[in-house]
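Structural overview
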Amino acid sequence: MASRKIVLTFPKDKIDKPIVFKLIKDFNLSFNIMKASITPDQEGHMVLELDGDKSEIDRGIKHLKDEGVKVEPLSKEIRVDWNKCTQCSACVSICPTGALYVKDRKTMAVDFDAEKCIACELCIRPCPPRAIKVHF
Ligand code: SF4
Ligand code: SF4
């Protein structure tokens, strides 16, 4: 038995398809959905922990890729350099999981919840002072 944590990005035309559930039926895998963020008409993101035979995990991941899903290992970590951050909140509306959020509506202070982050990297480019970095 093997276990692997992966980050899935679904194109918007695939989010309502039962692609992930075929992992159980066709590849005899079990999975735990660690995080998911799926909004109609937008990209969907999901973090899965897959359990099963190693070769079946490889086949299952190939199935996901063949269906047009982007698959990446969960081996990245996002960090915010608060010394550089100007609290502009540009990242907040972009973050699909709410990991970057306004913690105080009066001051519009931004905070980061690493537990919610799926390392999709969507926030990195829009950050004007480049305060958000990915670490491997
Ligand atoms: S990488 Fe950035 S945009 Fe993506 S979930 Fe993490 S904080 Fe949000
Ligand atoms: S976009 Fe960058 S500078 Fe603006 S609030 Fe987010 S982390 Fe801070």
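Source: prediction; values computed, not measured. (Residues numbered from 1 in each chain as written. Chains lettered and ligands numbered in written order. Predicted model: local features only at pLDDT ≥ 70, side-chain atom pairs only at ≥ 80, totals over all residues. Heavy atoms only, no water.)

Our focus in this paragraph is the overall build of the chain. Regarding its fold elements, the chain presents two helices and eight strands. Overall, the chain is about 50 × 30 × 20 Å in size when its C-alpha atoms are taken along their principal axes. When burial is assessed residue by residue, the chain has 35% of its 136 residues classed as buried. Partitioning the contacts of the chain with sequence separation of at least 6, the portion at a separation of at least 24 is 65%. As displayed, the chain has an accessible area near 8200 Å², and 51% of this comes from carbon and sulfur atoms. Across the chain, the mean location of the 23 positive side-chain charges is 4 Å away from that of the 20 negative side-chain charges. (Helix = DSSP H or I, 4+ residues; strand = E, 2+ residues; numbered from the N terminus. Buried < 20%, exposed > 50% of the residue type's maximum accessible area, 1.4 Å probe, protein only. Contact = heavy atoms within 4.5 Å. Areas by Shrake-Rupley, 256 points an atom, 1.4 Å probe, with all protein chains shown as cover. Lys, Arg positive; Asp, Glu negative; His and termini not counted. Charge placed at Lys NZ, Arg CZ, Asp CG, Glu CD.)

A word on unusual backbone geometry. With glycine set apart, most residues show a phi of negative sign, and most peptide bonds adopt trans. A positive phi angle, close to 55 degrees, is found at Ala 119, a residue other than glycine. Looking at the element boundaries, Ala 119 is found in the loop between strand E7 (109-112) and strand E8 (132-135). For Ala 119, a relative accessible area of 4% puts it in the buried group.

Below, the discussion takes up the site of ligand 1. The full set close to ligand 1 counts 13 residues, and Cys 95, Cys 117, Cys 120, Glu 121 and Cys 123 are the nearest of them. Class assignment of the residues belonging to the shell around ligand 1 gives a composition of 11 nonpolar, one polar and one charged. (Near = heavy atom within 4 Å. Nonpolar A, V, L, I, M, F, W, Y, C, P; charged D, E, K, R; others polar.)

Now for the site of ligand 2. Surrounding ligand 2, one finds Cys 85, Thr 86, Gln 87, Cys 88, Ser 89, Ala 90, Cys 91, Val 110, Cys 127, Pro 128, Pro 129 and Ile 132. Residues of the shell around ligand 2, tallied by class, amount to nine nonpolar, three polar and no charged.

Quick look at the domain arrangement of the chain now. Domain boundaries in the chain define domain 1 (2-73) and domain 2 (76-136). In this structure, domain 1 and domain 2 have C-alpha centres spaced 25 Å apart. Facing six residues of domain 1, the contacting portion of domain 2 comprises 10 residues. Surface buried jointly by domain 1 and domain 2 totals about 640 Å² across both partners, of which 56% is contributed by carbon and sulfur atoms. Of all residues in domain 1, Lys 35, Ser 37 and His 45 give up the largest surface area on contact with domain 2, accounting jointly for 63% of the area buried on that side. (Domains from an automatic or database assignment. Buried area = accessible area lost by both parts, 1.4 Å probe.)

Together, Lys 84, Arg 125, Arg 130 and Lys 133 make up a region of like positive charge exposed at the surface. For Arg 125, the location among the structural elements is in the loop between E7 and E8. (Patch = residues over 30% accessible without salt bridge, like charges linked within 9 Å, V, L, I, M, F, W, Y side chains within 5 Å. Salt bridge = Lys/Arg side-chain N within 4 Å of Asp/Glu carboxyl O.)

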